[in-house]
Amino acid sequence: MNNFQFCSPTEFVFGRGTENEAGAYVKKHGGSKVLLHYGGGSAVRSGLLDRVKASLTAAGIRFAELGGVKPNPRDTLVYEGIELCRSEGIDFILAVGGGSVIDSSKAIAAGVPYDGDFWDFYSGKARIAAALPVGTVLTIAAAGSEGSGDSVVTKEADGLKRGTGSDLIRPRFSILDPELTCTLPAYQTACGATDIMAHVFERYFTNTKEVEITDRLCEAVLLTMIRETPRVIAQPDNYDARANIMWAGTVAHTNIVGVGREQDWNSHGIEHELSALYDCAHGAGLAVIMPAWMEFVCSHDVMRFAQAAVRVWGCQMNFAQPEETAREGIRRFRSFLHSIGMPVNFAELGAKEADIPKLVETFGIGGGRTGGFVALSAADITEIYRIAAHAAL
Ligand code: NZQ
Ligand code: ZN
């Protein structure tokens, strides 16, 4: 196991009705004037936003509002949020929504005290040195942004989707009420489940040896997702299954399952080009990319893929031909994703094979993520997109 430093300062508040305590938690974490940031309408329609506002008022917290965050959040709204926070004297940002709302909130939080363009943090020009505190009321189990130090934003004019990371933008608190996720359409539930599993796999496929504890934690999250996702697709109101998925989503991405081991993240980088170009859901893009990436890199460490196949997918180990076992595990992953309604190839995602050179080029502009489990060249990335384009069950 490698040396590591792990900071997870977020206070998690979990369970039914906890969104009604949002105001009290803002107060506890030092907020007095809040930017209430939310998405395209689900939180309004469900009545959640009104409940959160009532709890802020009850706690004596003043607030300004900024809704309209789109999935794959845009820089344009971030600029608007930064201006609003400055003009209103905001000292705390409360995100009510999913990863997109939370990431937009983190970008605003980092942008307010910064003299330059907040995009500097995403283009790699500057590192975050200060940020307003952020709290969240999570409405979808997926990105894990409620417990992560990451934020991913799209620069609309250039079609670039890029991330930044700092412990300074980890939420101070996150309210996780599984009941709030019962209104999710099955497709969004499945996209979220795919993202959660991808966050674990990005960490599972490692070159670091002797990492039994994190291997086993990863496997626990994956097995939970394999059991619970079909249950919530069949019964959207199943609180217990929703609860297990919600906590799995947070555990998958605070990095507790990834400490002390080299990680990969190439599938995420390769996927971000798809959601930047086609504005598809991040989880759906991962459903197409991650099995393709696995097929491409499998021979790098067949025994690690065989381990996943046996422990996670219940395959029988073929000791004479371990690569058979490894590849059977990848097949079962793809078929699981298909069974929960995820796309299998470019056509099902709405992507075009003809765009592959453009996707590879934009990946390169961002500096790419070519380290990790297997360092990838532009030709390798082209091949992964090609496998994804033609994949079948
Ligand atoms: O905008 P509204 O109306 O709220 O609708 C949203 C949106 O259309 C809807 N939704 C959310 N909660 C709902 C609901 N609909 C009904 N009932 C509810 N309770 O779901 C749609 C998707 O929401 P979004 O926030 O985009 O989903 P997600 O949490 O998957 O976030 C995706 C974004 O996070 C980034 C992704 O790249 C993508 O931009 N990621 C962020 C990470 C991080 N910060 O650590 C890591 C991830 O790997 C990921 O890259
Ligand atoms: Zn992700």
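Each value, and the rule that gives it
- Residues numbered from 1 in each chain as written.
- Chains lettered and ligands numbered in written order.
- Predicted model: local features only at pLDDT ≥ 70, side-chain atom pairs only at ≥ 80, totals over all residues.
- Heavy atoms only, no water.
- Buried < 20%, exposed > 50% of the residue type's maximum accessible area, 1.4 Å probe, protein only.
- Helix = DSSP H or I, 4+ residues; strand = E, 2+ residues; numbered from the N terminus.
- Pairing = 2+ DSSP bridges.
- Expected span 1.5 Å × (residues − 1).
- Contact = heavy atoms within 4.5 Å.
- Donors = N, O, S within 2.8 Å, 3.2 Å for Na, K, Ca; no water.
- Near = heavy atom within 4 Å.
- Polar contact = N/O pair within 3.5 Å; in protein donor to acceptor, adjacent residues only side chain to side chain.
- Areas by Shrake-Rupley, 256 points an atom, 1.4 Å probe, with all protein chains shown as cover.
- Nonpolar A, V, L, I, M, F, W, Y, C, P; charged D, E, K, R; others polar.
- Domains from an automatic or database assignment.

Caption draft 1: Geometry of the pairing of strand β8 (residues 173-176). Residue alternation in β8 divides its side chains into two sets, Phe-173 and Ile-175 and Ser-174 and Leu-176, and both sets are buried. Sheet analysis places strand β1 (residues 11-14) next to β8, joined by four bridges and oriented parallel. Residue pairing in the sheet places Glu-11 in a bridge with Phe-173 of β8. Relative to β8, strand β5 (residues 134-138) runs parallel, the two sharing four bridges.

Caption draft 2: Representation of unusual backbone geometry. The phi dihedral of Glu-210 is positive, around 55°, even though this residue is not glycine. Within the element layout of this structure, Glu-210 appears in the loop between α7 (186-204) and α8 (212-234).

Caption draft 3: Structural view of helix α13 (residues 322-339). Helix length check: α13 (18 residues) gives 26 Å between terminal C-alpha atoms against 26 Å at 1.5 Å per residue, within 8%. Within the span of α13, buried status applies to Thr-325, Ala-326, Gly-329, Ile-330, Phe-333, Arg-334, Phe-336 and Leu-337. Lining the buried residues of α13 we find α7, α8, α11 (282-297) and α12 (302-311). Two residues or fewer past α13, Gly-341 is found with a positive phi of approximately 100°.

Caption draft 4: Representation of the coordination of the zinc ion (ligand 2). Surrounding the zinc ion (ligand 2) are the protein donor atoms Asp-195 (OD), His-199 (NE2), His-268 (NE2) and His-282 (NE2), which sit 2.0 to 2.2 Å from the metal. Here the donor residues of the zinc ion (ligand 2) are spaced in sequence according to D-x3-H-x68-H-x13-H. Pair noted here: Asp-195 and His-199 are both in helix α7, with a separation of four residues, about one helical turn. Under the relative-accessibility criterion, Asp-195 is labelled buried at 3%.

Caption draft 5: Molecular detail of the site of ligand 1. If you check the shell around ligand 1, you find 32 residues, and the closest are Gly-40, Ser-42, Gly-99, Ser-100 and His-199. Here an oxygen atom of ligand 1 sits 2.8 Å away from a polar atom, N or O, in the side chain of Ser-148. Between Leu-180 and ligand 1, the recorded distance is 2.9 Å, taken from a backbone N or O atom to a nitrogen atom. Protein contacts shield 88% of the accessible area of ligand 1, which totals 960 Å² for the unbound molecule. For the shell around ligand 1, the secondary-structure elements that each account for two or more residues are α5 (99-111), β6 (150-155), α7 and α10 (266-278). When grouped by side-chain class, the residues that make up the shell around ligand 1 number nine nonpolar, 19 polar and four charged. When we break the shell around ligand 1 down by domain, the ones giving at least three residues each are domain 1 (11-180) and domain 2 (186-390).

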